[in-house]
Each structure stands twice: as C-alpha cells, then as structure tokens.
Amino acid sequence: MATSAKTASAKTGPAKVGPIYVLNGPNLNLLGKREPHIYGTEGLAGIEKRVKERAKALGHKIEFRQTNSEGELITWIQEAGAKGAGLIINPAAYSHTSIGLHDAIAAIDVPVVEVHISNIHKREAFRHHSYVSSVALGVICGLGPIGYELALEALAEALKKA
Ligand code: DQA
C-alpha cells in the first residue's frame, strides 16, 4: 500500500550535521505508570538516558522531547528537518489518526525511524494502521524500550551510508 516511503539516500542525500531528534507523542510522559502490563515499568527519563548513552558511543548528539500536543509535534518534526541529522519518533496515538504528522514527515529531508514500545499489530484493530509508517525509513515495534536504541543504531547506519 505504501508508496511514499523513501530510502535514507533518496530521502536525505548527503547526511546532515546536527542532533538526532527523538520525539515522543501523547501520554508517553506517563511511561512507567501507564498500563505497565503493556508498556513496562521504565519511565521516559530512563529511555532518554539509554538513548543518550548509546548515541555517545555512536558519536551522535540527541535532542529528546515529549509532548501531548499534535501541533507541537508537527513543529518539532519541521525543526528536526531543518536542524537535525535524523529523527526517531514514537508518535503514540497520533500514529493512528494524524495525516498532519504524515505530511510533516513527508516534507522533511532526513531519515525517520518510527518506534512503538508495544506490538501495535497484536493489539486493537484501530492501532494496526499508522499514518507515519509509509513515510518512515523503517519501523520498530513490540520490543519494548530497547526499540529506541535499535532505532538509533539503524539511523546511525543509514546516516553513514548517506
Ligand atoms: C504506542 C502504541 C500506540 O498505539 C499508543 O497509542 C501509544 C504508545 C507504543 O509505543 O506502543 O500511546 O505508540
């Protein structure tokens, strides 16, 4: 179905300098307390720490943020396109609803990896479609918080090749 996904090189041309943005959507500020049987007990601060440690080893800087606002997420995606080298995004519930997020990601020229902590395909039918996936370089879902680190590894490789 997806036809607009772009490879790292097609999407980015030569790799840009700047941090890798890690953006988190609504309710992810509640990680650790929110439905721990689905999302686990690790909070977003713990994920930020892991990602920053892994990024240091890979020679990248991280801009790590969370918002509950769709508009703010779109503004930050645009910022990642203008100032960042790449983007890791867990769009949370907006994955399943937001054409605005799809369009913002389609409009930027850096590689994007979509992350979900839970396996959205194993859950309710309304979570099975993501508006972001067709414009992402790749998607990691269902592996828990380590998915963010795996996304970073993949993005670092893509940036090396670009
Ligand atoms: C999520 C999955 C989404 O369906 C949900 O709305 C979230 C979190 C995840 O990381 O598993 O808020 O993106």
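Quick summary incoming for the structure in this document. Because the structure is a prediction, the values reported are computed rather than measured. (Residues numbered from 1 in each chain as written. Predicted model: local features only at pLDDT ≥ 70, side-chain atom pairs only at ≥ 80, totals over all residues. Heavy atoms only, no water.)

1. Some thoughts on the packing of helix α4 (residues 70–83) against helix α5 (residues 99–107)
- Interaxial distance between α4 and α5 falls to 9 Å at its minimum, and their mutual angle equals 5 degrees. Judged on the interaxial angle alone, α5 and α4 are roughly parallel. Contact with α4, carried on its side by Glu 70, Leu 73, Ile 74 and Ile 77, involves Gly 100, Leu 101, Ala 104 and Ile 105 of α5 and no other residues of that element.
- Residues of the contact of α4 with α5, tallied by class, amount to six nonpolar, one polar and one charged. (Axes fitted to C-alpha atoms, helices over the stretch in contact; angles between N-to-C directions. Helix = DSSP H or I, 4+ residues; strand = E, 2+ residues; numbered from the N terminus. Parallel < 35°, antiparallel > 145°, perpendicular 65-115°, else oblique. Contact = heavy atoms within 4.5 Å. Nonpolar A, V, L, I, M, F, W, Y, C, P; charged D, E, K, R; others polar.)

2. A closer look at the packing of aromatic side chains
- Applying the stated criterion across every chain yields a total of zero aromatic pairs.
- Directly above the ring of Trp 76 sits Arg 65, whose terminal nitrogen or CZ lies 5.1 Å from the centroid. (Phe/Tyr/Trp six-rings, centres within 6.5 Å; stacked < 30°, edge-to-face > 60°. Lys NZ or Arg CZ within 6 Å of the ring centre and 35° of its normal.)

3. Considering the pattern of salt bridges
- Under the definition given, this model contains 11 salt bridges.
- Note that Lys 52 is salt-bridged to Glu 48, the shortest N-O span being 2.7 Å. One end of the pair, Lys 52, and the other, Glu 48, are both in helix α3 (residues 44–58), four residues apart, so they sit about a helical turn from each other.
- Taking relative accessible area as the criterion, Lys 52 reaches 37% and is therefore assigned partly exposed.
- When its relative accessible area of 24% is taken as the criterion, Glu 48 is described as partly exposed.
- Linking Glu 149 and Arg 54 is a salt bridge whose minimum nitrogen-to-oxygen distance equals 3.0 Å. With Glu 149 in helix α6 (residues 146–161) and Arg 54 in helix α3, the pair connects residues that are 95 residues apart, well separated along the chain.
- According to the relative accessible area criterion, Glu 149 is buried, its value standing at 9%.
- Through salt bridges with shared partners, one network takes in Glu 42, Arg 50, Arg 54, Glu 149 and Glu 153. (Salt bridge = Lys/Arg side-chain N within 4 Å of Asp/Glu carboxyl O. Buried < 20%, exposed > 50% of the residue type's maximum accessible area, 1.4 Å probe, protein only.)

4. Here's the deal with the side chain of Glu 114
- On the secondary structure map, Glu 114 appears in strand β4 (residues 112–116).
- At 2.6 Å, the side chain of Glu 114 and the side chain of His 116 are in polar contact.
- In this view, Glu 114 contacts Ile 89, Pro 91, Ser 95, Ser 130, Val 132, Ser 133, Ala 136, Gly 138, Val 139 and Ile 140; residues no more than four positions away in its chain are not counted. (Polar contact = N/O pair within 3.5 Å; in protein donor to acceptor, adjacent residues only side chain to side chain.)

5. Regarding the site of the ligand
- Around the ligand sit Arg 34, Tyr 39, Asn 90, Ala 92, Ala 93, His 96, His 116, Ile 117, Ser 118, Ile 120 and Arg 127, and that is every residue in its neighbourhood.
- Between Arg 34 and the ligand, the recorded distance is 2.9 Å, taken from a side-chain N or O atom to an oxygen atom.
- His 116 is positioned with one of its side-chain polar atoms (N or O) 2.8 Å from an oxygen atom of the ligand.
- Notes on the ligand: free accessible area 320 Å², of which the protein chains cover 99%. (Near = heavy atom within 4 Å. Areas by Shrake-Rupley, 256 points an atom, 1.4 Å probe, with all protein chains shown as cover.)

6. Structural notes on unusual backbone geometry
- Residue Asn 27 is not a glycine yet carries a positive backbone phi of 75 degrees.
- Looking at the element boundaries, Asn 27 is found in the loop between β1 (20–24) and α2 (36–39).

7. Some points on the environment of Glu 35
- For Glu 35, the position within the fold is in the loop between β1 and α2.
- Note: C-alpha distance between Glu 35 and Leu 87 (52 residues apart in sequence) is 26 Å.

8. Here we look at a nonpolar patch on the surface
- Together, Leu 143, Ile 146 and Leu 150 make up an exposed nonpolar region whose accessible area comes to about 240 Å².
- Within the element layout of this structure, Leu 143 appears in the loop between β5 (138–141) and α6. (Patch = residues over 30% accessible without salt bridge, like charges linked within 9 Å, V, L, I, M, F, W, Y side chains within 5 Å.)

9. What to know about the sheet that holds strand β2 (residues 62–66)
- Taken in spatial order, the five strands line up as β2-β1-β3-β4-β5 in an open sheet, and their pairing is parallel. The strands lining the two open edges of the sheet, one partner per strand, are β2 and β5. Taken pair by pair, the neighbouring strands of this sheet meet at an average axis angle of 15 degrees, ignoring direction.
- Of the strand pairs in this sheet, β4 and β5 are connected by four bridges, and their pairing is parallel. Each residue of the ladder has a partner; that of Glu 114, found in β5, is Val 139.
- Those strands touched by α3 are β1 and β2, and its axis lies near 165 degrees from that of β2.
- Contacts from α4 reach β1, β2 and β3 (86–90) within the one sheet, and its direction differs from that of β1 by about 170 degrees. (Pairing = 2+ DSSP bridges.)

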